[in-house]
Amino acid sequence: MIRDFIGYGISNLRRSGLRSWLTMIGIFIGMASVVALISLGQGLENSINEQFEAIGADKIIVQSKGIFGAPTTEVESLTEKDLKIIENTNGIVDATGYIIDTAKLEFNDIVRYFVLVGIDNEDELIKEIYSYDIEEGRNLKKGEKFKVVLGNDFFKSELFDKKLKLRDTILLNDIEFTIVGFYETVGNQIDDRNVYVSYEVAEDLYDKEGEYSFIFAKAASDTIPEEAAERVEKEIRDDRGLDEGNEDFTVQSAKDLFESFATILNILQIFLIGIAGISLVVGGIGIMNTMYTAVLERTKEIGVMKSIGAKNSDILMIFVIESGILGFVGGVIGVILGVGFSKMVEIIAANAGYSIIKISFPPFLIIGTLIFAFVVGSLSGLIPAYKASKLQPVDALRYE
Amino acid sequence: MAESVIRLEDVWKIYHMDEVSVPALSGMNIDIKKGEFVAVVGPSGSGKSTTMNMIGCLDIPTKGKVFLEHHDISKLSESNLAQIRGKKIGFVFQTFNLIPTLTALDNVMLPMTFQNIPREERLKIAKNLLVKVGLGHRVGHLPSQLSGGEKQRVAIARALSNNPEVILADEPTGNLDSKTGEEIMKMLKGLNKDGKTIVMVTHDTDLTKYAKKVIHIKDGKNIND
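Sequence positions are assigned chain by chain, starting from 1 and proceeding in written order. Chains carry letters from A onward and ligands carry numbers from 1 onward, assigned in written order. Totals for whole chains, interfaces and linings use all residues, but because this is a predicted model, local features are given only for residues with pLDDT of at least 70 and pairs of side-chain atoms are given and counted only at 80 or more.

A. Representation of the overall build of chain B within the structure. Across its full length, chain B carries 6 helices and 10 strands. The globule rule puts the C-alpha radius of gyration for 225 residues at 17 Å, and the 17 Å found for chain B is close to it. Summarising its shape, the C-alpha atoms of chain B cover approximately 50 × 45 × 40 Å along the three principal directions. Buried means a residue has 20 or more other C-beta atoms within 10 Å of its own C-beta, exposed means 12 or fewer, and partly exposed covers the counts in between; C-beta atoms are placed from the backbone. Relative to its 225 residues, chain B shows a buried fraction of 48%. We call two residues in contact if the C-beta atoms placed from their backbones are at most 7 Å apart. Contacts spanning at least 24 positions in sequence make up 70% of the contacts within chain B whose residues lie at least 6 apart. Strands are runs of DSSP state E lasting at least 2 residues, helices are runs of H or I lasting at least 4, and numbering of each runs from the N terminus. Taken over C-alpha atoms, the radius of gyration is set against a globule rule of 2.2 Å times the number of residues to the power 0.38.

Here it is as structure tokens:
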């Protein structure tokens, strides 16, 4: 019986072709946005998790508050003394610091600015965190002067109107450096355009002897990293004579850091899906409107069906199934459009250098969307269908 | 004496329009026996349509009783009534009233669908009935692709699909030319010969020649009484 009603529903929807399509647009726009937003959000979350795993859950990051803040405030930078304090904190097995600053690069008479990272490549902890492989040439040696290793984008793109190659000489902050290596791509354009020198070179270049932009620490395997992070914070605070809450530095475990990313991402996702949800409600009202029209148009048909033996429940089912089909087909188109759209975003992002965005379509998303679309459709058709089922056969037959 | 199939006992139907009460039926008595061919005739406004609705169990009387076989229809729930109506009465309408989106075959199958008859069986019965009314070659056609006479024959096949006791025909030739109308009447006559009870409501007194019994209606009453 259901099979017959589905067939009947489809033939009726085809009869009112344009109206059915217009009704479905309302549903599939909403569905497409939900699918696209969830799959993109999920993809972003996955890539954040990947990065998190690459760095490791046992890492703790210490930084000066002013590093990305307003330049006017005098901020205590992190020093060798801080590094010692961190290294000696209970539960910390290793710590290392590095410098990040802006680099002025000149090559082929073109001047451009990039992010410079001054690191000690031979440090075990740095090796763990910066686990990038070399694509061409070699890595830097500890304290190596006038040598530079560049991100993948310098190798692949013509950032100075031509590609750079090994043994090219470039001016870094007006000093001649030789390129000894290029890293392989890390999946995002920002980091693919980093300039790497040894920590000692960065100290000289920026006059930051014994200073660090960031300190990374590694918690012992038998310690909870978050607790170790709290201890580190306390030690530095005590050393600097600061009150709790007034620290001029931050200490975060890798987990804290990624959790705060994930929270922001979730809030954003809920907000966007909420907006998409509004369009679904509007789509549902569209279905309701169409079904009211259909009931009115087919009043006489309802009377005929009742006279040949249709029960109220049969009529109800016929109209609910019909509106459910509207929702379901809208959902199918929505899923296809949503998947297509997020694929497109992925491709565009990859072309722009952000290959870390990998969308994902978990089966629950596809199946859930289709079920949801059918339910939205059916529910929207419920009131008109109920109205149809309650028509008196004699009144319905008389209707012209 | 043959047993009653449909019986109207002192049936009143009063329509209330604003403050005025308009009686469409005022004490209608009709007894239709198994195997009869009854023509219900009367001028327009005589209460013919309301009588037809009562006989077809499509409407509930304001006063009085309607019996379909032994069931007092006012005591049945809406769903039970629909179920019994679908099984016991086959309708043939003046305007055919086929479902426009369904093929001839699906239209004939529809009453059986509402009786939950398995699909295979429905298909077989519907095909046989369409062959019987001479439309074996038109099963896949939509109503819009059929002529008036063909549509009415599909409607007759549909009316027969649940093998009902009674065929209720409301002006069955009203929308047909006289030749086609005659064919349809002969078909109904043939069905009556095969044992079906036929009730035909019409204003066309010419058609009474096909009937075994004629009931004249005037002012909402059976004036044969």
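B. Expanded view of the interface of chain B and chain A. Listed per partner, the contact involves 23 residues of chain B and 20 residues of chain A. Mapped onto the side of chain B that touches chain A, the elements with two or more residues apiece are helix H2 (78-88) and helix H3 (104-114) of chain B. Here the term charged refers only to Asp, Glu, Lys and Arg, the term nonpolar to Ala, Val, Leu, Ile, Met, Phe, Trp, Tyr, Cys and Pro, and the term polar to all other amino acids, Gly among them. Classifying every residue of the side of chain B that touches chain A by side-chain character gives 8 nonpolar, 10 polar and 5 charged.

C. The nonpolar core, seen in detail. Core analysis: the largest hydrophobic core is formed by 111 residues, its most contacted members being Val 40, Val 108, Leu 130, Leu 168, Val 199 and Met 200 of chain B. A per-element tally of this core places helix H2 (residues 17-55) of chain A first, with 13 residues. Those residues in contact with Leu 130 of chain B, other than ones at most four positions away along the chain, are Ala 104, Leu 105, Val 108, Leu 135, Gly 136, Val 139 and Ala 157 of chain B. Listed in part, the 48 residues of the second largest apolar core include Ile 60, Ile 85, Leu 140 and Phe 177 of chain A. Take the buried Ala, Val, Leu, Ile, Met, Phe, Trp, Tyr and Cys residues, join any whose C-beta atoms are within 7 Å, and the set you get is a nonpolar core.

D. Structural detail: H2 of chain B. Inspection of H2 of chain B places Leu 81, Ala 82, Arg 85, Gly 86 and Lys 88 of chain B among the buried residues, and these make up the whole buried set. Each element contacted by the buried residues of H2 of chain B is listed here: helix H10 (299-307) of chain A together with strand E4 (63-68), strand E6 (89-92), H3 and strand E7 (166-170) of chain B.

E. Summary view of the domain arrangement of chain A. Residues and elements named next belong to chain A. Boundaries of every domain are those given by an automatic assignment or by a domain database. Annotation of chain A at the domain level lists domain 1 (2-52 + 259-398) and domain 2 (76-247). Domain 1 puts 5 residues into the contact, and the matching count from domain 2 is 5 residues. For the side of domain 1 that touches domain 2, the per-class residue count stands at 3 nonpolar, 2 polar and no charged.

F. Layout of the environment of Asp 72 of chain B. All names here are of chain B. Inspection of the secondary structure puts Asp 72 in strand E5 (residues 71-72). Taking the number of C-beta atoms within 10 Å as the measure of exposure, Asp 72 has 12 and is therefore exposed. Sequence separation between Asp 72 and Asp 194 is 122 residues; the distance between their C-alpha atoms is 28 Å. Discounting residues that sit within four places of it in the chain, Asp 72 has contacts with Lys 65 and Phe 67.

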